[in-house]
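# Structural features, examined
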Amino acid sequence: RLRDTPEDICFEATANAIALHPARPLLAAGDVDGDVYLYSYSCTEGENRQLWSSGHHLKSCRDVAFSQDGQKLFTVSKDKAIHVLTVEEGRLETRFPKAHGSALNCVLPIDNHVFATGDDGGGLKVWDLRKGDAILEARQQEEYISAMAVDGNGKILLTASGDGTLGVFNVKRRRFDLLSEPQNGDLTSVVLLKRGRKVACGSSEGTIYLFNWDGFGAASDRFALRAESVDCMVPITDSIVCVGSLDGVIRAVNVLPNRVLGCVGQHPGEPIEQLAVAPGGQLLASCAHDQKVKFWDVSALRGLVVDDYRKKKKKGGPLRALSSKAAGSGEDFFADLRDEAEPAAAGEDGGGGGD
């Protein structure tokens, strides 16, 4: 039987991290016990399969990422180790045991040989697998590196940090460029939008901060969601991102004009850990504290055109359901969610300067 989306994948421990393969229907997940899994997923009922698992990490696996050619899987852990596994059989190919001085938090492949890692102490390293070592080391931020993004040329690397700053590094020249002003709350996520001309950062305060590509010193705009937090964020189109929050709701948000479009899905009452988009942008996967990976059909978002004109809405209505599995009928506990975004206060489009 065919379904709109693959069935949920259930884990024995909470999955912290998920990644979807760039070309094939494969999902990698890392859990709090340090185990890493590879699944094939399918919209045919009963066709999800575990292909392999790897228990090489001694502590929680915090992030997983496929290489751009899809042949390797990078995993990083609280145990300070980086592992590079083969996607085909899950064989441990390369290991950097004490890669950082602090627990590792995130990993980002930049090209097929170069990748970046960020740790709990604000440390960043860029590695080259051909050299077997780090080619750039920096500690410019004071708190954990929560997320990273890189431009299409693999030249400029952006790091979001718990200290509220966005870090800018030049990978090609192997140097630190600049740090933004600190924003309110921890920066939790960073994505490129508008063909790379805009950068959006999510924060623990439930605000999305926007930066111009050539103006990383201060935020150009801010957009407060009526959500407890923005914990993770993935781009679906050039203007639309999906955002996961502490309240377990996955919202679709349009950037410039700034609108909350509605609810794509939910893990009721369970904080969303990570989101991942399948190649083609039709499917979104999410993992949360309920030990499940769920899949959502986001194909409708690709056709949405958001008008500059803002219609007057009844305040307090439920979030609009944007997928068949999204709770949006208003008869459930999501009914009290607001989809009104709070406009930024006038004159507040700079960064949050001194305290």
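- In the nomenclature of an unreviewed UniProt entry, the chain corresponds to WD repeat-containing protein 55 from the organism Caloenas nicobarica.
- The Subcellular location (unreviewed entry) comment attached to the chain in UniProt states, word for word, "Nucleus".
- The Sequence similarities (unreviewed entry) field of the UniProt record for the chain holds the comment "Belongs to the WD repeat WDR55 family."

### Structural notes on the UniProt feature "repeat: WD" (unreviewed entry) in the chain
- Mapped onto this numbering, the UniProt entry gives "repeat: WD" (unreviewed entry) at residues 272-306.
- Helix and strand shares over residues 272-306 are 0% and 51% respectively, and the end C-alpha atoms of the span are 26 Å apart.

### Remarks on the pairing of strand 14 (residues 145-150)
- Of all 6 residues that make up strand 14, 6 are buried, and the element is covered over most of its length.
- Where strand 14 lies against strand 15 (residues 156-161), 5 bridges are found, and the strand directions are antiparallel. Residue pairing across strands places A147 opposite A160, the latter belonging to strand 15.
- Following strand 14, the chain reverses through 5 residues before pairing antiparallel with strand 15; G154 in that reversal takes a positive phi of roughly 65°.

### Observations regarding unusual backbone geometry
- With an omega of 0°, the peptide bond running from L256 to P257 counts as cis.
- Along the chain, P257 turns up in the loop between strand 24 (249-254) and strand 25 (259-266).
- A positive phi angle, near 55°, is found at R195, a position not held by glycine.
- Considering the arrangement of structural elements, one finds R195 in the loop between strand 18 (187-193) and strand 19 (198-203).
- For R195, a relative accessible area of 68% translates into the label exposed.
- Of note in the backbone geometry, Q291 takes a positive phi value of approximately 65° without being a glycine.

### A closer look at the layout of surface pockets
- In this structure, the largest pocket encloses a volume near 1700 Å³.
- Lining the largest pocket are 49 residues, with L108, M148, M233, V234 and L275 sitting closest to its centre.
- Elements supplying a minimum of two residues to the lining of the largest pocket: strand 2 (15-20), strand 6 (61-66), strand 10 (104-109), strand 14, strand 18, strand 22 (232-235) and strand 26 (272-277).
- In terms of residue count, the dominant contributor to the lining of the largest pocket is strand 26 (6 residues).
- Here the lining of the largest pocket is composed, by residue class, of 32 nonpolar, 12 polar and 5 charged.

### With respect to the confidence of the model for the chain
- The predicted model of the chain has a mean per-residue pLDDT of 91, with 90% of residues at 70 or higher.
- In the predicted structure, residues 329-355 sits below a pLDDT of 50 and forms 55 contacts with residues beyond four places in sequence or in another chain.

### Quick word on the sheet that holds strand 14
- Pairing is antiparallel across the open sheet formed by 4 strands, whose spatial order is 14-15-16-17. Each edge of the open sheet carries a strand with a single partner, namely strand 14 and strand 17 (175-179). Recorded for the sheet is a direction-independent mean angle of 25° between the axes of neighbouring strands.
- Direction of pairing for strand 16 (residues 166-170) relative to strand 17: antiparallel, over a ladder of 4 bridges. Within strand 17, the position partnered with F169 by the bridge is F176.

### Notes on the pairing of strand 23 (residues 240-244)
- Of all the 5 residues making up strand 23, 5 are buried; the element is thus mostly covered by neighbouring parts of the structure.
- Burial along strand 23 is two-sided: I240, C242 and G244 and V241 and V243, pointing in opposite directions, are all buried.
- When strand 22 meets strand 23, the two strands line up antiparallel, connected through 4 bridges. Across the sheet, residue P235 finds its bridge partner in strand 23, namely V241.
- Remark: 4 residues form the turn of the hairpin made by strand 22 and strand 23, two consecutive strands paired antiparallel.

### Description of the packing of aromatic side chains
- Within this structure, the stated rule accounts for 10 aromatic pairs.
- Plain terms: the ring middles of F96 and F115 are 6.3 Å apart, the flat faces sit at 45° to each other, and that makes the pair tilted. Within this pair, whereas F96 is found in strand 9 (residues 92-96), its partner F115 is found in strand 11 (residues 114-119), the two being separated by 19 residues in sequence.
- The cationic tip of K325 hangs over the ring face of W296; the distance from NZ or CZ to the ring centre is 4.9 Å.

Rules of the game
- Residues numbered from 1 in each chain as written.
- Predicted model: local features only at pLDDT ≥ 70, side-chain atom pairs only at ≥ 80, totals over all residues.
- Heavy atoms only, no water.
- UniProt positions renumbered as here; feature names shortened; annotations may be inferred.
- Helix = DSSP H or I, 4+ residues; strand = E, 2+ residues; numbered from the N terminus.
- Buried < 20%, exposed > 50% of the residue type's maximum accessible area, 1.4 Å probe, protein only.
- Pairing = 2+ DSSP bridges.
- 1 Å grid on protein atoms, 1.4 Å probe; cavity = no way out; pocket = protein on both sides within 12 Å on 5 of 7 lines; lining within 4 Å.
- Points joined across faces, edges and corners; volume = space filled by probe spheres on them.
- Nonpolar A, V, L, I, M, F, W, Y, C, P; charged D, E, K, R; others polar.
- pLDDT = per-residue confidence, 0-100.
- Contact = heavy atoms within 4.5 Å.
- Axes fitted to C-alpha atoms, helices over the stretch in contact; angles between N-to-C directions.
- Phe/Tyr/Trp six-rings, centres within 6.5 Å; stacked < 30°, edge-to-face > 60°.
- Lys NZ or Arg CZ within 6 Å of the ring centre and 35° of its normal.

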